[in-house]
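Observations on the three-dimensional arrangement
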Amino acid sequence: MEKTANNNQPTNNNQSANSNHSNNNRSMNNNRPNNNNRQGNNRGFGQEVPEFDERIIALDRVTRVVKGGRRFRFRATAVVGDGKGKVGIGVGKGTDAPTSIIKAVARAKKDMITFSLNGTTIPHEIQVTFGGAVVFLKPARPGTGVIAGGAVRAVLEAAGVKDVLTKALGSSNKINNSYATVEALSKLKADKVVASEEAK
């Protein structure tokens, strides 16, 4: 009986030592800073908000036949706008897609135009022809949204028009439609909406 008691005594000591060790580990884990929370709180800190809304309307691969064979290049059409009545269209070509996109965006920023907005819509209706494309724009009430498709929609959203009715009457070419939309916006006049309100 005495031997059995002596054998059980170190076992109890080992169990108490293990429990103390586990308690110490728990306290150390509780005192450790949570790195996940740090990363989550700092997420987005220091990131710059882009000045312009850049969108790619079309990216095509064009082929040119030369004496040595066919030469493949890329052509990108981009629209750039600030969402406050300023927008531009640019076309860029390059041997690869990223180069053509960079050139198109740079050209669009260089050729930006400014037009008049009447709240969230345009001042008056207008129809413009560019090449084979015919684009018709009409003001809409707040909450209507941008009723357009394809290139026309991309240009209007980048320009900051939120409520408008549109119709593409001519060609379905994206480049011509986008240029026709920009030309229509450039011809808008704020004094026409004042005259129409006075007539009512």
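Let me sum up the structure you'll find in this document.

Rules and cut-offs
- Residues numbered from 1 in each chain as written.
- Predicted model: local features only at pLDDT ≥ 70, side-chain atom pairs only at ≥ 80, totals over all residues.
- Heavy atoms only, no water.
- 1 Å grid on protein atoms, 1.4 Å probe; cavity = no way out; pocket = protein on both sides within 12 Å on 5 of 7 lines; lining within 4 Å.
- Points joined across faces, edges and corners; volume = space filled by probe spheres on them.
- Helix = DSSP H or I, 4+ residues; strand = E, 2+ residues; numbered from the N terminus.
- Core = buried A, V, L, I, M, F, W, Y, C linked by side-chain atoms within 4.5 Å.
- Buried < 20%, exposed > 50% of the residue type's maximum accessible area, 1.4 Å probe, protein only.
- Contact = heavy atoms within 4.5 Å.
- Pairing = 2+ DSSP bridges.

What follows is about the layout of surface pockets. The rolling of a water-molecule-sized probe over the atoms marks out the regions of remaining empty space. The computed volume of the largest pocket comes to approximately 170 Å³. Every residue lining the largest pocket is counted, 15 residues in all, and those nearest its centre are Gly149, Gly150, Val152, Ala168 and Asn177. Secondary structure elements with two or more residues in the lining of the largest pocket: helix H4 (150–159), strand E8 (164–168) and helix H5 (174–186).

Membership of the largest hydrophobic core comes to 26 residues, with the highest contact counts inside it found for Val79, Leu137, Val155, Leu156 and Leu185. Residue assignment for this core shows that the elements contributing at least two residues are strand E3 (86–94), strand E5 (126–130), strand E6 (133–139), H4 and H5. Among the elements that take part in this core, H4 stands out by supplying 7 residues, more than any other. Those residues within four positions of Leu156 in sequence are excluded, and the remaining contacts are Leu137, Val146, Ala148, Val161, Val164, Thr166, Thr181 and Leu185.

This paragraph deals with the pairing of E6. As defined by bridge partners, E5 adjoins E6 across 5 bridges and the pair is classed as antiparallel. Residue Phe130 lies in a different strand from E6, and its bridge partner there is Ala133. Counting the residues in the hairpin turn of E5 and E6 gives 2 residues, including Gly131, whose phi is positive at 65°. As defined by bridge partners, E6 adjoins E8 across 5 bridges and the pair is classed as antiparallel.

All right, on to the pairing of strand E1 (residues 53–66) then. Pairing of E1 with strand E2 (residues 69–81), which is carried by 13 bridges, proceeds in the antiparallel orientation. Along E2, the bridge assignment pairs Thr63 with Phe72. With antiparallel pairing between neighbouring strands as the criterion, E1 and E2 make up a hairpin whose turn holds 2 residues.

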